[in-house]
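Structure at a glance
The chain contents come next:
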Amino acid sequence: MGHRKKSGGSRGGKNGGKAREQYATIEKDNELFRGYYKAQCLLPEEEWDTMIDSFRASLPTSFRLAGSRLTAKSLNASIMNHYIPSLKDVEFEGERPKPPLQLPWYPDGLAWQFNVSKKILRKHPDFKKFHSFLVYETEGGNISRQEAVSMIPPLFLGVQPHHKTLDMCAAPGSKTAQLLEALHANDNPTIPSLPSGVVIANDSDYKRTHMLIHQAARLPSPAFMVTNIDAGHYPSMKLPSSTNGKTEQMFFDRILCDVPCSGDGTLRKNPSIWKTWSPGDGNGLHSLQLRILQRAMKLLAPGGRIVYSTCSLNPIENEAVVAEALRSNPTFALVDVSDSLPELKRRPGLTTWRVAANKSVNVTYSSFQEYEEKLPASERTKSKLGPSHWPPVENVESFHLTRCMRLYPHLQDTGGFFVAVFERPLQPSTTTIGIKRSVDELDEEPLEAGDSKKIKLEGVGAMSTSNATSSVDAIKLANVSAPQPNFKEDPYTYLKPDDPYFDLFFRERLQLKDEFPWDTVLVRNPDGTCFKTIVEHNNYAKIRLTAAGTKIFVKQEAGKGFDAQFRILGEGLSVVLPFLKPESIQRAHRATLKTLLSSYYPLFISFDEEFQKLLATLANGSLILHARYFHAPFLIISIRHPSSLLEDVVVPLWKAQASLSLMIDKKAKSAMSIRLFGEDITPSNKEQNPSAKLSHTV
């Protein structure tokens, strides 16, 4: 969701324990907050105390089922049929905690919410099992722990597999993951799609872009790119013209603007805001938020859609931004989405509001003219408040601000949130209302990373070796004039289809079919001199390309006396699997997978005689194992990381001289173990809990 400005609040970290102690003693009240928002007439008087009481209460834990639609529905059935019955009628130390409940407005019932104390989660056996299940499946990418209101903006964006989508302020990436899931909505369990659309996730904070990359690894997509640019200055991209072969600007079909904000809608999870809240926070962020939204409007295709959202209640960050964006881009319109997600309780946007000119809320102004008249002449040139902070002077009804959505905590036990949905008509505009400067001019200005908090972009496809990626469109990106001296990422370059690497490492050793999209594989290395660049006629550093596609191959050292080889990564297995020759996939039974899960490097002699004979015929290096015939209620349908085909499981292995290794991370192994065998049999769990096991029943 929209993120608080860096100067505000604590994000935890090393002092997280102390922060929690401080939170317990925070007085959850603020006279400035009360006075300011009462002056805005957010709610009827009789609802005010109910909303404040809701803000003081702890925020429920919410999560949604991620990944492909089939995977999510299968896992959802596991929750309903196995976990929920065991969590009903629980009593613990005099408490009767409620089991998780489905969010009524989320499509297909794939999102849940519960509010249980940490003590119960740690000590009650059934809730402890459920909590462990959530943790492991989250690490495996099948569950996304996400605040309920944060799930809303992508739902209104309506991404389809053919859409070019931009997430302008994307980190940490939970909404980006929803956009990727929508892009891959047509995937089936055995053959994932290479969608014609793309998702570009952008953030102005370089470190936070790596959070996006980590999130994307849970839902690997060859149609994904991460950039590191100030969203308000996002450069134009170019594509080859379909008519004359020249390049033309690429417009996005969908853009998400979940902008940086003061974050007072997150009081329930960030109680420190009670102490520091000031109306100046929203006043100061207004111009940045407006700049990002106006830039998005310049990048949107005719017929396209923008969703603008914040986790703030402040109309200066919400309706004021929306109104000024509409005034300066009169061909755009707010969409009436009142019939969408009918179970979602919401309130209409405001049409009038007052602005506090300083930290005190005792004096507010209903118009910019009133403010200017009372401001000493010597201070007018220094004021950071402008006409756009106030409601439109004329024709406010024409903006349809009531089509905006306000979500308050007392309506459905959530945080506070704001959402507005814009569309650009198919017929291009011939008129423009003047603003101080053209947003197009921003392409010619230096980009300053960190100028804004986050930027989301969606859209370009590729498959990658760990050093590789698969591209859907050969996208050229417009040059940005300013150099980027602090950008230290290596460039992406295309491998040529006839490159000897393919024959030496991939075609024969990994037994990939000829149908594999060889012309879309990228590598990442420091020089890139012998390969076609991922972006033609463009300096990749100027667009600050941080990641592209999904890693599918990585070089693996093979030990003393053996040459290094490439292996298939678990996160890229779903992309490569359809292109593997059937004879390259080794079959095994349930016992084989159990042995692999229960030991780091099981020796060949640990397996049954039939599998030992099979291993004796195989060369050392990368293998793919297809373990068949599981009948566990925890089993889900997925070919991601790790993978399963209906009742079968497909995983990457590495064969050494005398041992075999399951090449997925520890938490993914634990999740698989619980799902298939009813307990965590992995060695990492035994090391952490030598005398304890999770007692899940298969």
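The structure we're discussing is the one just above.
Position numbers for residues start from 1 in each chain and track the written sequence from start to end. In keeping with the predicted nature of the model, local features appear solely for residues at pLDDT of at least 70, side-chain atom pairs appear and are counted solely at 80 or more, and the whole-chain, interface and lining totals rest on all residues. Each side-chain value is worked out from all heavy atoms of the structure, with water and hydrogens disregarded.

This brings us to the overall build of the chain. Strands here mean DSSP runs of E at least two residues long; helices mean DSSP runs of H or I at least four residues long; both are numbered from the N terminus. Each helix and strand in the chain was counted, giving 22 helices and 31 strands. Areas reported as accessible are Shrake-Rupley estimates using a 1.4 Å probe. Residue values count occlusion only from the protein chains shown. Here the chain displays about 29700 Å² of accessible surface, and carbon together with sulfur accounts for 50% of that area.

A few words on the pairing of strand 7 (residues 224-227). Of the two faces of strand 7, the one lined by Phe224 and Val226 and the one lined by Met225 and Thr227 are each fully buried. Note on pairing: DSSP must find at least two bridges between two strands before they are called paired. When strand 6 (residues 198-202) meets strand 7, the two strands line up parallel, connected through four bridges. For Ala201, the partnering residue across the bridge sits in strand 7 and is Val226. Crossovers are described as right-handed under a simple rule: with the strands pointing away from the observer, the path leading from the first strand over the helix to the second runs clockwise. This β-α-β element, strand 6 to helix 9 (residues 206-218) to strand 7, shows right-handed connectivity. Each residue is assigned to one of three classes by its accessible area relative to the maximum for its type, calculated with a 1.4 Å probe on protein chains only: buried under 20%, partly exposed between the two thresholds, exposed over 50%.

Let us now look at the packing of aromatic side chains. Only the six-membered ring of Trp is used, alongside the rings of Phe and Tyr, when aromatic pairs are assigned; centres must lie within 6.5 Å, and planes under 30 degrees apart are stacked while those over 60 apart are edge-to-face, with the rest tilted. Under the defined criterion, the tally for this structure stands at 21 aromatic pairs. Considering the side-chain rings of Phe130 and Phe133, the 6.1 Å spacing of their centres and the 25° angle between planes classify their relative orientation as stacked. Of this pair, Phe130 and Phe133 are both found in helix 6 (residues 125-139), three residues apart, which corresponds to roughly one turn of the helix. Neither Phe130 nor Phe133 differs from the other in exposure class; each is buried. An aromatic cluster is built from Phe33, Tyr36, Tyr37, Phe55, Trp274 and Trp277, whose rings are joined through pairwise contacts. Positioned above the aromatic ring of Phe251 is the side chain of Arg424, whose terminal nitrogen or guanidinium carbon lies 5.8 Å from the ring centre. Any Lys NZ or Arg CZ that is within 6 Å of a ring centre and within 35 degrees of that ring's normal is treated as a charge sitting over the ring.

Moving on: the packing of helix 19 (residues 590-598) against helix 21 (residues 666-677). Helix axes use the C-alpha atoms of the stretch in contact, all axes being lines fitted to C-alpha atoms, and the angles between their N-to-C directions lie in the range 0 to 180 degrees. Between helix 19 and helix 21, the least distance of the axes is 11 Å, while the angle of their chain directions is 145°. As helix 19 runs across helix 21, the sense of the crossing is left-handed. Together, Arg590, Leu593, Lys594 and Leu597 of helix 19 and Lys669, Met672, Ser673, Leu676 and Phe677 of helix 21 make up the contact between the two elements. Throughout, a crossing is termed right-handed when the near helix is turned clockwise from the far one, and left-handed when it is turned anticlockwise from it by less than a right angle. Contact criterion: two residues are considered in contact whenever any of their non-hydrogen atoms come within 4.5 Å of each other.

Here we take up the pairing of strand 17 (residues 417-423). For strand 17, a buried count of six out of seven residues is recorded, marking the element as mostly surrounded by other parts of the structure. Pairing of strand 11 (residues 300-310) with strand 17 involves six bridges; the strand directions are antiparallel. Across the sheet, the residue bridging to Thr310 is Phe418, located in strand 17. Judged from the two bridges that link them, strand 12 (residues 333-334) and strand 17 form a sheet pairing that is antiparallel.

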